[in-house]
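What follows is the residue order along each chain.
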2 protein chains.
Amino acid sequence: MNERISRAERRRQTEARILAAARQNFAEVGYDRTTIRAVAAAAHVDPALVMQYFGSKEALFRQAVHVPADEALPTDPEKLTELLLSIIGVKLGEPSTASLPLLRSMFTHPEATAQMRASLARQLEQFAAARPGDDAELRASLIVSILLGVTITRNLIELDQLRDATPDQITNLLRPCFQALTNNRA
Amino acid sequence: MNERISRAERRRQTEARILAAARQNFAEVGYDRTTIRAVAAAAHVDPALVMQYFGSKEALFRQAVHVPADEALPTDPEKLTELLLSIIGVKLGEPSTASLPLLRSMFTHPEATAQMRASLARQLEQFAAARPGDDAELRASLIVSILLGVTITRNLIELDQLRDATPDQITNLLRPCFQALTNNRA
DNA sequence: GTCTATAAGCAGATAGAC
DNA sequence: GTCTATCTGCTTATAGAC
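Basis of the calculations
- Residues numbered from 1 in each chain as written.
- Chains lettered and ligands numbered in written order.
- Predicted model: local features only at pLDDT ≥ 70, side-chain atom pairs only at ≥ 80, totals over all residues.
- Heavy atoms only, no water.
- Helix = DSSP H or I, 4+ residues; strand = E, 2+ residues; numbered from the N terminus.
- Polar contact = N/O pair within 3.5 Å; in protein donor to acceptor, adjacent residues only side chain to side chain.
- Contact = heavy atoms within 4.5 Å.
- Near = heavy atom within 4 Å.
- Core = buried A, V, L, I, M, F, W, Y, C linked by side-chain atoms within 4.5 Å.
- Buried < 20%, exposed > 50% of the residue type's maximum accessible area, 1.4 Å probe, protein only.
- Phe/Tyr/Trp six-rings, centres within 6.5 Å; stacked < 30°, edge-to-face > 60°.
- Lys NZ or Arg CZ within 6 Å of the ring centre and 35° of its normal.
- Expected span 1.5 Å × (residues − 1).

Asker: How should the side chain of Arg-154 of chain B be read in this particular structure?
Answerer: Residues and elements named next belong to chain B. With respect to the secondary-structure elements, Arg-154 resides in helix H8 (residues 136-156). A polar side-chain atom of Arg-154 sits 3.0 Å from the main-chain carbonyl oxygen of Leu-162. Apart from the residues within four sequence positions on either side, Arg-154 is in contact with Leu-92, Leu-162, Arg-163, Ala-165, Pro-167 and Ile-170.

Put into structure tokens, the structure is as follows:
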């Protein structure tokens with residue numbers, strides 16, 4: 001009664017702190033090089049507690065890379081290009097901490113690869129549905145490839161010229177690309 | 001004298017077989033999940049022999065990801081777009097076994113990240129030199145990002161729609177993108 | 001020269017003390 | 001409920017037998 005915060009609330013906070021530390025570690029060095037011990041140290045808890053809460057390293061990773069799911073894409077064809085640019089705009093603007101853990105391990109962790117492929121396939125379907133026609137899916141796959149490539153080169157590889165550019169500069173240069181790919185007749 | 005192949009020749013062949021096995025392993029599961037034991041088994045040699053020949057796992061990886069260096073890029077601006085398309089055309093055509101080991105580990109192995117960044121920077125400089133002008137380097141960085149993104153989505157993520165497409169289909173759809181990015185005045 | 005045996009270290013996971 | 005101590009397994013790397 002005289003406790004300001006309940007036991008359950010305290011536990012919830014500790015769990016959130018562990019999850020945040022795990023996300024950062026997975027984002028920085030990937031699944032294999034992240035250790036339960038390092039996550040625990042970063043969250044100021046005992047390593048055994050991490051296991052107690054999450055069960056296994058795999059389960060912790062699954063929680064860390066889980067993202068709520070994409071919001072539905074408006075299917076207005078006219079503004080699709082601008083929508084794409086705004087998507088990449090915000091993605092480039094934010095530190096993208098939400099997707100970094102998955103991106104970092106997507107080539108070396110089988111489950112991460114599968115999840116990324118599924119995520120790209122979902123986006124692709126939305127784009128293709130918004131612009132039906134010949135080659136719609138292939139065009140859409142190129143769009144998601146470009147979005148992925150730019151994100152990777154900027155945030156993971158950290159190529160100087162791309163890292164130093166503003167989102168506006170990038171979106172302006174990419175506009176003709178997306179315009180070309182959203183037109184059915186080239 | 002009656003030996004058809006010399007001792008040195010035999011050793012050279014064994015070393016080549018180990019290196020080929022290492023390339024395949026690194027390409028498939030990345031640096032961390034590749035073990036000396038697995039490489040040795042694939043090459044039908046003793047694990048200790050791998051260490052004897054290459055010194056360490058790091059050294060083996062360095063040899064495996066080493067590529068001769070890119071051929072110089074002709075600086076003819078008129079045909080640059082077609083050149084880009086032919087580059088990605090052959091890259092998409094070949095299994096790309098040469099670059100896969102580096103691509104697979106570029107997010108999780110620090111040295112691989114640095115080497116990929118250096119490689120992209122070199123390509124970028126060549127593109128920028130071929131089309132000087134405003135934003136030349138940023139445009140070039142987007143070009144290499146697109147090339148990287150398409151290669152990744154097709155060969156590492158193996159997105160169905162991109163995996164099933166022919167190099168010609170892909171290059172045809174990408175042509176307007178590269179045309180737009182190689183023009184200085186949009 | 002090649003391989004057996006083993007050293008040395010670090011990981012995830014677990015059992016039990018407090 | 002939380003943490004100490006430990007178990008088990010796997011890795012790279014090495015020393016020495018053959």
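Having seen the structure, we can now continue with the description.
Asker: Explain the protein's contact with DNA strand D to me, please; I cannot follow it from the model alone.
Answerer: Neighbouring DNA strand D are the residues Asp-46, Ala-48, Leu-49 and Tyr-53 of chain A together with Thr-34, Thr-35, Ile-36, Arg-37, Met-51, Ser-56 and Lys-57 of chain B. Counting only atoms of DNA strand D within 4 Å of the protein, the fraction found in sugar and phosphate groups is 71%. A distance of 3.5 Å is found between a phosphate oxygen of DNA strand D and a side-chain nitrogen or oxygen belonging to Asp-46 of chain A. Interatomic distance of 3.1 Å between a backbone N/O atom of Ile-36 of chain B and a phosphate oxygen of DNA strand D. Counting residues per element, the ones that place at least two in the surface near DNA strand D are helix H3 (47-54) of chain A together with helix H2 (36-43) of chain B.

Asker: I would appreciate a short explanation of the nonpolar core in the present structure.
Answerer: Across soluble globular proteins, you tend to see nonpolar side chains buried next to one another. Formed by 112 residues in total, the largest nonpolar core has its most connected members in Leu-174 of chain A together with Leu-174 of chain B. Setting aside chain neighbours within four positions, we find Leu-174 of chain B in contact with Leu-142 of chain A together with Leu-85, Ile-88, Ile-146 and Val-150 of chain B.

Asker: Can you help me understand the packing of aromatic side chains in this one?
Answerer: Scanning all chains against the criterion turns up 7 aromatic pairs over all chains. Centre to centre, the rings of Phe-26 of chain A and Tyr-31 of chain A are 6.0 Å apart; their planes meet at 10°, and the pair counts as stacked. Judged by its relative accessible area of 8%, Tyr-31 of chain A is buried. With a centroid separation of 5.1 Å and 15° between ring planes, the pair formed by Phe-107 of chain A and Phe-107 of chain B is classed as stacked. Highlighted residues: Phe-107 of chain A in the loop between helix H6 (100-105) and helix H7 (110-130) and Phe-107 of chain B in the loop between helix H6 (100-105) and helix H7 (110-130), drawn from two different chains. Above the plane of the ring of Tyr-53 of chain B lies Arg-11 of chain B, whose end atom (NZ or CZ) is 3.9 Å from the centre.

Asker: Please explain helix H5 (residues 80-93) of chain B as it appears in this structure.
Answerer: Think of an α-helix as turning once every 3.6 residues; residues three or four places apart then point the same way. Under the 1.5 Å per step criterion, the end-to-end length of H5 of chain B is 20 Å for 14 residues, consistent within 8% with the ideal 20 Å. Among the structural elements, H7, H8 and helix H10 (167-182) of chain B are those in contact with the buried residues of H5 of chain B.

Asker: It is not clear to me how the protein's contact with DNA strand C should be interpreted in this structure. Could you clarify?
Answerer: Neighbouring DNA strand C are the residues Thr-34, Thr-35, Ile-36, Arg-37, Met-51, Ser-56 and Lys-57 of chain A together with Asp-46, Ala-48, Leu-49 and Tyr-53 of chain B. For DNA strand C, the backbone portion of the atoms within 4 Å of the protein, that is sugar and phosphate, comes to 70%. In this structure, a phosphate oxygen belonging to DNA strand C sits 3.3 Å away from a main-chain N or O atom of Ile-36 of chain A. Within the side chain of Arg-37 of chain A, an N or O atom sits 2.9 Å from a base nitrogen of DNA strand C.

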